[in-house]
Amino acid sequence: MDKLNLLDLGLYVVVNNAGQYFRAKGYGGVGQSFVSDVKQCKVYCKIGPARSVVTYFANTYPQYPTLQIIKLNIAGYEVLDEADRVQKAKEKKAKAEAAHEKYKAEHSLKEAEKALKIAQDKLNKLKR
């Protein structure tokens, strides 16, 4: 974990001149391309994709000012202990599987009882 202390991670965000952040909508997406909340914006781990967005908007909409790229430097980190959450998820999954197996066994028993009753009825008809 000591190597993580030396980690200097840069994240990139595209911003227009109004201070709004770029939000990638994807193919056939709807909504605004720029949002004011940084939590909704597209964050790039490499500068190349962010530069391509700037180039695209500069070529497609030359009447507007060129977009800017903001680099966010992340120096610290926090280790999240997920052992309890994972253990609870495993227990929940095991409980659900056990309930499903119980349901399948009960259903098989009911189907066997139905088949037995049908077979007994056929046998009684043949004896008469």
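These figures come from a predicted structure and were not determined experimentally.

1. What to know about the confidence of the model for the protein chain
Then, in step 1: When pLDDT is averaged across the protein chain, the result is 89; 95% of the residues are at 70 or more.
Then, in step 2: The element-level mean pLDDT for the protein chain is lowest in helix α1 (residues 2-5), coming to 56, with helix α3 (residues 83-127) highest at 95.

2. Describing the nonpolar core
Then, in step 1: Counting residues in each nonpolar core, the largest one holds 10 residues, listed as Tyr-12, Val-14, Phe-22, Phe-34, Tyr-44, Ala-50, Val-53, Val-54, Phe-57 and Leu-67.
Then, in step 2: Taken together, the elements giving at least two residues each to this core come down to β1 (9-15) and α2 (47-60).
Then, in step 3: Contact partners of Phe-22, with chain neighbours within four places excluded, come to Val-14, Ser-33, Phe-34, Cys-41, Lys-42, Tyr-44, Val-53 and Phe-57.

3. As for the packing of aromatic side chains
Then, in step 1: Enumeration over the complete set of coordinates arrives at six aromatic pairs.
Then, in step 2: Their ring planes at 75° and their centres at 5.7 Å tell us that Phe-22 and Phe-57 sit as a pair that is edge-to-face. Within this pair, whereas Phe-22 is found in strand β2 (residues 21-22), its partner Phe-57 is found in helix α2, the two being separated by 35 residues in sequence. Comparing Phe-22 with Phe-57, the two get one shared label, buried.
Then, in step 3: One aromatic cluster is present, built from ring pairs that chain together Phe-22, Phe-34, Tyr-56, Phe-57, Tyr-61 and Tyr-64.

Reading guide: rules and limits
- Residues numbered from 1 in each chain as written.
- Predicted model: local features only at pLDDT ≥ 70, side-chain atom pairs only at ≥ 80, totals over all residues.
- Heavy atoms only, no water.
- pLDDT = per-residue confidence, 0-100.
- Helix = DSSP H or I, 4+ residues; strand = E, 2+ residues; numbered from the N terminus.
- Core = buried A, V, L, I, M, F, W, Y, C linked by side-chain atoms within 4.5 Å.
- Buried < 20%, exposed > 50% of the residue type's maximum accessible area, 1.4 Å probe, protein only.
- Contact = heavy atoms within 4.5 Å.
- Phe/Tyr/Trp six-rings, centres within 6.5 Å; stacked < 30°, edge-to-face > 60°.

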